[in-house]
Structures are given as C-alpha cells and as structure tokens.
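# Coordinates in review
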Amino acid sequence: MTDHLFQKDFISTQDWSVKDLRTAIDLAVQLKAERRSGQVHDHILRAKTLYMLFFEESTRTRNSFETGMTQLGGHSVYLTPAATQIGHGENAQDTGRVLSSYGEGVAIRDCRTDIGQRYLYEMAGHADAPIFSMQDDVDHPCQAMADLMTLVERFGSDLSGRKFVVSWTHAPKYVRPLSVPQSLVMLMPRFGMDVTLAYPEGYHLMPDVMETAKANAEEAGGTFTETHDVDEAFEGADFLYPKSWGPIMVTEEQDEVEAMAAKYTDWRATTERMASAHDDAVYMHCMPVDRGYEADEQVIDGSQSVIYQQAENRLHIQKALMALTMGGDL
Ligand code: CP
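Summarised in this report is the structure supplied together with it. (Residues numbered from 1 in each chain as written. Predicted model: local features only at pLDDT ≥ 70, side-chain atom pairs only at ≥ 80, totals over all residues. Heavy atoms only, no water.)

Take helix H12 (residues 307-325) next. Taking 1.5 Å of rise per residue, the 19 residues of H12 would be expected to cover 27 Å, and the 27 Å separating its terminal C-alpha atoms lies within 8% of that figure. Counting buried residues along H12, 15 of its 19 residues qualify, which places the element largely inside the surrounding structure. The first or second residue beyond H12 is Gly327, which carries a positive phi of 75 degrees. (Helix = DSSP H or I, 4+ residues; strand = E, 2+ residues; numbered from the N terminus. Expected span 1.5 Å × (residues − 1). Buried < 20%, exposed > 50% of the residue type's maximum accessible area, 1.4 Å probe, protein only.)

What follows is the structure, given as structure tokens:
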C-alpha cells in the first residue's frame, strides 16, 4: 500500500522512511524496465500538471522532470522568478497556494545559501500539492535517489558494508553548492553503507548535516568517517563519488574561492587512485563534470564509470516519486 505517500512532499530523503524510499526505487526499476520493453505509462498521471520553478539553470533536472511528466501522460510548466511575480516579490505562501490550486505538484530548484530549502518548506506549509526539491542549498534528494538506484541495479539491494566515498575535487569554474555531497552523506548510511567524506581544510559541510549523517550511520549499523587524505579515502573503496563543491561554510567570494581551490589541484580522480579501490569499484558523478579537473578523462569515460546511468535514472526515480505522491494510477 502506498496511499500514505499521496501528497507527501519530497524535499529531503530524511522526511521519508527507508521502507518508502525502497518502494520508490522498486517502482523506478519497474517503470524503467517496462519503458525499455515498449510499455507506455501515459495513464499514470494523465491530465495532471507539475509546475517546475527554477531559480538556477539545469540540464538534467529540468529535462528529466519534463520528460517524466510527458511519459506519465501529464504536463509540466517551466517557470523562473523572472517569468512570474516571484521576481516582483510574491512570496512562497501565495505562489504555492495558487500553483497548487491549479496543478498536482510543484517542483523547485533554489540553491540560494540559507534561503533555498527554507523556501521549499515554507511553500510546503501552504501548498495543497506535494513539493519536490529539484536541488536546494542543503539537499539534492532526487540526485541521491538516482545514485542509490544505480547502485541497487548493479550490486543488488543489500549494500551494507560497502565503502561509499564522497571526495571533494578541484574545479576552477564556479562555486558549486553543498547539496550533492550533503544528500549523499545523509542517505547512503541509512542503507548500511560505510561512508567516508574526504575534503581539504575549509570545505566542510553544514554541522547539522554532519550530525544527521552520524546519527543515520549509528541507526543503520554502518559508519561515517571524515578524512583530509584523498589517497586514504580512495583505498579499498567500492563506490567513488569525487566531485567539487565550494568552501561555502567559509566564503563565497570568487577571489577567495579561487585562491583556496588553487591550493588543492591534486584533489582529483586519477586512474592511479581508481586502481587503489576495489576491482569492481564504480566511479560516480552527478554531472556536470568538470572534465580534466575533477577527474581524468580515462576515469570519466572508463569502464568503471556509471555517470550516464546515474543521469538516466533521474528520469525513472522522479517518475516513481511523482506517481507515488501525485495520485498516480499505478
Ligand atoms: N545533476 C544535476 O542536477 O544536473 P543539472 O544541474 O543539469 O540539473
């Protein structure tokens, strides 16, 4: 029975039980297989509407949500602050109440530091439809679920005892939010994985998130470890997720960010470091990946890389989450 998930927000995986997260993954795997075999799902959310509000740009998130709604028989509307009265100051309450009186779901990407996730929860408090996070300043739950689905598909549903490494990497281009590493260190311990977080000084995550990750590991019988040694992190790893994020807890000033990052150009996923992991280890990244900086091209395009499966699984997991929460005909 999944009736209890009707109209449930999906802002953080923390708000969902492990059982319900597994239900979503099982459904995503089923929808993916059915679609591959030619089955059409356009009855599931027929004539239903998802509003997608983007405060920042996107390739994967926008197109996977939009395509997902098409495949489920519904419709999606792309919105930005500039294209709505949000740009003139209309607040989360009014925006949420109005949009949810028209459609069956509202999805939001808002990565503004100290604002984004609060905006989503505020809208959720007033909207009469589920609110989905398409990434905020704290969490990127759809990404983390697509990543987990990718591991389940390849290694089975029991991932306990596997070493999952989230490692900071050097990338010069822009200040990426903390939400991807934070979503991973919160979610993966709940599935019994031994999670290692590796980063140089100044790239720490939010204290609340660290406490949650530790508590999740204790509850599930796994471990959550921090290190400042990238080589140590890669050794013996099963799942490697090297990616860049900004020193947001210290500074977001571009000059300071670049000066800090320049000290750690050696923090990258190299073929040598990959060789120190388990033979069947996988290289993961949420994309966009900064080729030549975050990882060697041979790693990104190598046989251990699952980055395109992760990107594809965004579509399938989001279809499952929308079907479960938007009153889908399953
Ligand atoms: N991984 C991810 O969220 O990609 P986009 O920023 O392209 O949506």
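This brings us to the sheet that holds strand E4 (residues 131-136). The 4 strands are arranged E2-E1-E3-E4 in an open sheet whose pairing can be described as parallel. Each end of this open sheet is capped by a strand with a single partner; those strands are strand E2 (75-79) and E4. Each strand axis lies, on average, 15 degrees off the axis of its neighbour in the sheet, ignoring direction. (Pairing = 2+ DSSP bridges. Axes fitted to C-alpha atoms, helices over the stretch in contact; angles between N-to-C directions.)

Looking now at the site of the ligand. What surrounds the ligand is the set Ser58, Thr59, Arg60, Thr61, Arg109, His140, Gln143, Cys286, Met287 and Arg314. At 2.9 Å from a nitrogen atom of the ligand is found a main-chain nitrogen or oxygen belonging to Met287. A total of 260 Å² of accessible area belongs to the ligand in isolation, and the protein chains cover 92% of it. Partitioning the shell around the ligand into residue classes produces 2 nonpolar, 5 polar and 3 charged. (Near = heavy atom within 4 Å. Polar contact = N/O pair within 3.5 Å; in protein donor to acceptor, adjacent residues only side chain to side chain. Areas by Shrake-Rupley, 256 points an atom, 1.4 Å probe, with all protein chains shown as cover. Nonpolar A, V, L, I, M, F, W, Y, C, P; charged D, E, K, R; others polar.)

This brings us to the pairing of strand E1 (residues 49-54). In terms of burial, E1 is a largely internal element, 6 of the 6 residues being buried. The alternating pattern of E1 places Thr49, Tyr51 and Leu53 on one face and Leu50, Met52 and Phe54 on the opposite face, and all of these are buried. Pairing between E1 and E2: 5 bridges, direction parallel. Note that in E2 the partner of Leu53 across the bridge is Leu79.

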